[in-house]
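# Coordinate analysis (summary)
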Amino acid sequence: MSGEQKRLATAQASYAEAVRAERLARIAAAPDLRTAGRRRRASLRLLAAAATLTGIAVLAIAIAGVLATQSAQRGLDRAAAARDGAVAAISTMLSADPAKPDEYVDRVLAVTTGEQHERLSAARGELRGAIAELGAVSTGHVISAGVENPSGEPVEGSVPVVVVAQASAPELVGGLAGTDRVALRVTVVQSGDRWLISGTERVS
Amino acid sequence: MNVAIVRRLEAPWQTRSTLGTVIAAVLLALGIAAFVVVGVWRAPIAERVETAEELSQRAGPIVAEVFSASSASWAADRARARSAMTPELASALAAGLANTPPAGVRSVRWEPVSVGVVDAARGAGTALVVADVVVTQTDGTQAADTKSVTADFVESGGRWLLSGVDELQ
C-alpha cells in the first residue's frame, strides 16, 4: 500500500466515523428537540389564548366606555336643553303687554305644562285681568341660569333649573313687586322636543 | 395539570393553529385600539360631567366661605377667604379683603339655598349661587336678604378655587 492510498483510507475511515457520530448525536438529541418543540408550541398556544382573553376583556371595557359616555353626553345635552327651555319660558312669562292680555295668557299657557299649566288655565280670567291692569309693557330677561344637581337622576323626567331674571314686573313669575331681580327655582319637563315649565318657585 | 390539556397544547402545529394565533393577535390589537380611541373620545365628556357634579357640590360652600365673616375672627375669616380663591382674584379684591369689619356688624353669614351649574368644562366652570345672607348686628338684631351671584371656579391641585364673582341680586 502506497503512502497515498494509506492516507486516503484513513481519511475515508475518519469521515465514516464522523458521519456515524453525527447520526448518533442526532438520535441522542431527538427527544430533547421534540420536547423543546412541544414546549414552544404549548407556550405559543398559551400566549394566543391569553391574547384572546385580554382582547375580549379590553373590547368589553371599551364598549362599556362607549355606553357610559353616550349616556353622559345625553345627560349634558338634556341639561343644556332644559336650561334653554327654562330661559325661554321665563322670558316669555316676564314679557307682557297690558293691551294684549289674551295673547299673553296664550303664550304663557304654551310654555307651561302639568300642575302649573292647570293652575294658570283655571285662573285664566284673573291672570288676564292682572295683565290688563299692568301700568306699562313689562319686559324681562334671564341674566343667568344653571341646572341644579346636574348628576342627579331626574325625578319623573323633570329637571330643576335655578334662574335669576331681570324684570320690570317680577310678580309675573312669583317675585316681589317693586324689586327688579328675582331668583327662581324652575322645574322643567320635556314634552316632545320642547322643554316646558311645570313649576316656578321664588328662591329666598 | 390536566394531561389532556397539555397534550392539546403540545399537539403538532397545523394551519388551524397559525390561523388561531393570527386571530388572537388581531383581536388583541383591535381591543387595545378600541380602548385607546374610546378613552380619548370620552375624556372631555367625562371631565365636563365631573366638573358639573363637583361644582354643584362645592360652589355653595366655597361662596359661603368667601363671603361669610364674623367680627370676632375677622382676620382669620379673611385669610380663609383668600385661600379659597385664586391669587389673581385675591389681589384684585385685596382692598376689600383688608377692610376692617363694618361698624356695628357682628357677623355676616351666607347660607346657600340653591346652586345651579351654568357652565362646566375641564378644570373650570361657572355656577349660579342663590343664598340667604344673614347680617347680625352687635346688638343681636338680624336681617336676612336673598343674594344671587354667578361664580367662576378653576381647579387647582385637586381643589376648586373661586376665580371670579358677579353679584346679580
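Residues numbered from 1 in each chain as written. Chains lettered and ligands numbered in written order. Predicted model: local features only at pLDDT ≥ 70, side-chain atom pairs only at ≥ 80, totals over all residues. Heavy atoms only, no water.

## Digging into the overall build of chain A
Note the following rule: Strands here are runs of E lasting at least two residues and helices are runs of H or I lasting at least four, both read from the DSSP assignment and numbered beginning at the N terminus. It is over C-alpha atoms that the radius of gyration is taken, and the globule rule equals 2.2 Å times the number of residues to the power 0.38.
When you go through chain A residue by residue, the secondary structure sums to 4 helices and 4 strands. Secondary structure elements of chain A, listed N to C terminal, follow the sequence α-α-α-α-β-β-β-β. Since a compact globule built from 204 residues should have a radius of gyration of about 17 Å, the 43 Å found for chain A marks it as more spread out than a globular shape. Along the longest, intermediate and shortest principal axes, the C-alpha atoms of chain A span 145 × 30 × 30 Å.

## Observations regarding the overall build of chain B
Worth spelling out the cut-off: Only protein chains enter the accessibility calculation, which uses a 1.4 Å probe; a residue is then buried when its area is under 20% of its type maximum, exposed when over 50%, and partly exposed in between. The contact definition used throughout considers only heavy atoms, calling two residues in contact when any of these lie within 4.5 Å. The charged-residue count follows a simple rule in which Lys and Arg add positive charge and Asp and Glu add negative charge, with His and chain termini not counted at all. A charge is said to be at NZ when it belongs to Lys, at CZ for Arg, at CG for Asp and at CD for Glu.
The helix and strand tally for chain B stands at 5 helices and 5 strands. For chain B, the N- to C-terminal ordering of α and β elements is α-α-β-α-α-α-β-β-β-β. Here chain B has a C-alpha radius of gyration of 29 Å; the compact-globule value for 169 residues is 15 Å, and the former is much larger. Across the 169 residues in chain B, those meeting the buried criterion constitute 35%. Taking the intrachain contacts of chain B between residues at least 6 apart in sequence as the baseline, contacts between residues at least 24 apart amount to 52%. Computed over 14 positive and 17 negative side-chain charges, the separation of the two mean positions in chain B equals 11 Å.

## A word on the interface of chain A and chain B
To keep it simple, the criterion reads: Note on definitions: buried area is the accessible-area loss of two parts on being combined, 1.4 Å probe, summed for both. Just to be clear on terms, a salt bridge is a Lys or Arg side-chain nitrogen sitting within 4 Å of an Asp or Glu carboxyl oxygen. Polar contacts, as used here, are pairs of N or O atoms within 3.5 Å; protein pairs need one atom able to donate a hydrogen and one able to accept it. Residues neighboring in sequence count only if both atoms are side-chain atoms. Nonpolar residues are Ala, Val, Leu, Ile, Met, Phe, Trp, Tyr, Cys and Pro. Charged residues are Asp, Glu, Lys and Arg, and all others, Gly as well, are polar. One requirement defines pairing of two strands: DSSP has to find at least two bridges between them.
Across the boundary between the two partners, chain A contributes 43 residues, which contact 39 residues of chain B. Buried area between chain A and chain B, summed over both chains or domains, comes out near 3500 Å², and the portion from carbon and sulfur atoms is 71%. Interface area lost by chain A to chain B is led by A:Arg45, A:Thr69 and A:Leu76, which between them contribute 17%. Our count for the chain A to chain B interface comes out at 1 salt bridge. B:Glu10 serves as the salt-bridge partner of A:Arg38, at 3.3 Å between the closest nitrogen and oxygen. Inspection of the chain A/chain B interface yields 13 residue pairs in polar contact (both at pLDDT 80 or more). Mapped by element, the contributors of at least two residues to the side of chain A that touches chain B are α1 (3-94), β1 (140-148), β2 (158-167) and β3 (181-191) of chain A. The biggest single contributor to the side of chain A that touches chain B is α1(A), with 25 residues. Grouping the amino acids of the side of chain A that touches chain B by side-chain chemistry returns 24 nonpolar, 12 polar and 7 charged. In the sheet, β1(A) pairs with strand β2 (residues 105-121) of chain B via 2 bridges, with the strands oriented antiparallel.

## Let's talk about the confidence of the model for chain B
All names here are of chain B. Put simply, the test is: Note on scores: pLDDT gives the predictor's confidence for each residue, bounded by 0 and 100.
For chain B, per-residue confidence averages 92 on the pLDDT scale, and residues scoring 70 or more make up 99% of the total. Within chain B, strand β3 (residues 124-137) carries the highest mean pLDDT (95), whereas helix α5 (residues 94-98) carries the lowest (80). As a predicted assembly, this complex carries a pTM of 0.81 together with an ipTM value of 0.83.

## Observations regarding the pattern of salt bridges
Inspection of the entire model under this criterion finds 14 salt bridges over all chains. Between A:Glu201 and A:Arg185 there is a salt bridge; the shortest N-O distance is 3.5 Å. Of this pair, A:Glu201 sits in strand β4 (residues 194-202) while A:Arg185 is found in strand β3, placing the two residues 16 residues apart along the sequence. Using a relative accessible area of 43% as the deciding quantity, one classes A:Glu201 as partly exposed. A salt bridge links B:Asp77 to B:Arg80, with the shortest nitrogen-to-oxygen separation between them at 3.6 Å. Linking B:Asp77 with B:Arg80, this pair stays in helix α3 (residues 74-83), spanning 3 residues, or about one helical turn. Among the residues examined, B:Arg80 registers a relative accessible area of 34% and is labelled partly exposed. Overlapping salt bridges, with partners in common, bring together A:Asp102, A:Asp106, A:Arg124 and A:Arg128 in one network.

## A closer look at the pairing of β3(A)
All names here are of chain A. Pairing analysis gives 9 bridges linking β2 to β3, with the strands arranged antiparallel. Bridge pairing in β3 places Val159 opposite Val188. By the bridge criterion, 8 bridges tie β3 to β4 in an arrangement that is antiparallel. Looking across to β4, one finds that Val186 is bridged to Thr200. Linking β3 back to β4 in an antiparallel pair, the connection comprises 2 residues, with Gly192 at a positive phi of about 65°.

## Details of the pairing of strand β5 (residues 159-167) of chain B
Residues and elements named next belong to chain B. Pairing of strand β4 (residues 142-156) with β5, which is carried by 8 bridges, proceeds in the antiparallel orientation. Counterpart to Glu155 in the pairing with β5 is Trp160. Between β4 and the antiparallel strand that follows it, β5, lie 2 residues; Gly157 among them carries a positive phi value of about 55°.

## Some thoughts on the nonpolar core
In summary, soluble globular proteins display a tendency toward joint burial of nonpolar side chains. What counts, and what does not: In this description, a nonpolar core means a group of buried Ala, Val, Leu, Ile, Met, Phe, Trp, Tyr and Cys residues linked to one another through side-chain atoms lying within 4.5 Å.
By size, the foremost hydrophobic cluster in this structure holds 34 residues, and its most contacted members are A:Ile90, A:Met93, A:Tyr104, A:Val161, A:Val163, A:Val186 and A:Val188. Counting only elements with at least two residues in this core, the list comes to α1, α2 (101-110), α4 (124-132), β1, β2, β3 and β4 of chain A. Per-element tally for this core: the top contributor is α1(A), with 7 residues. In contact with A:Val163, not counting residues within four places along its chain, are A:Ala86, A:Ile90, A:Val142, A:Ser144, A:Ala145, A:Val182, A:Ala183, A:Leu184, A:Val186 and B:Leu128.

## Some remarks on the confidence of the model for chain A
Confidence in the prediction for chain A averages 90 pLDDT; 97% of positions are at 70 or higher. Here α4(A) is the element of chain A with the lowest mean pLDDT, 88, and α1(A) is the one with the highest, 94.

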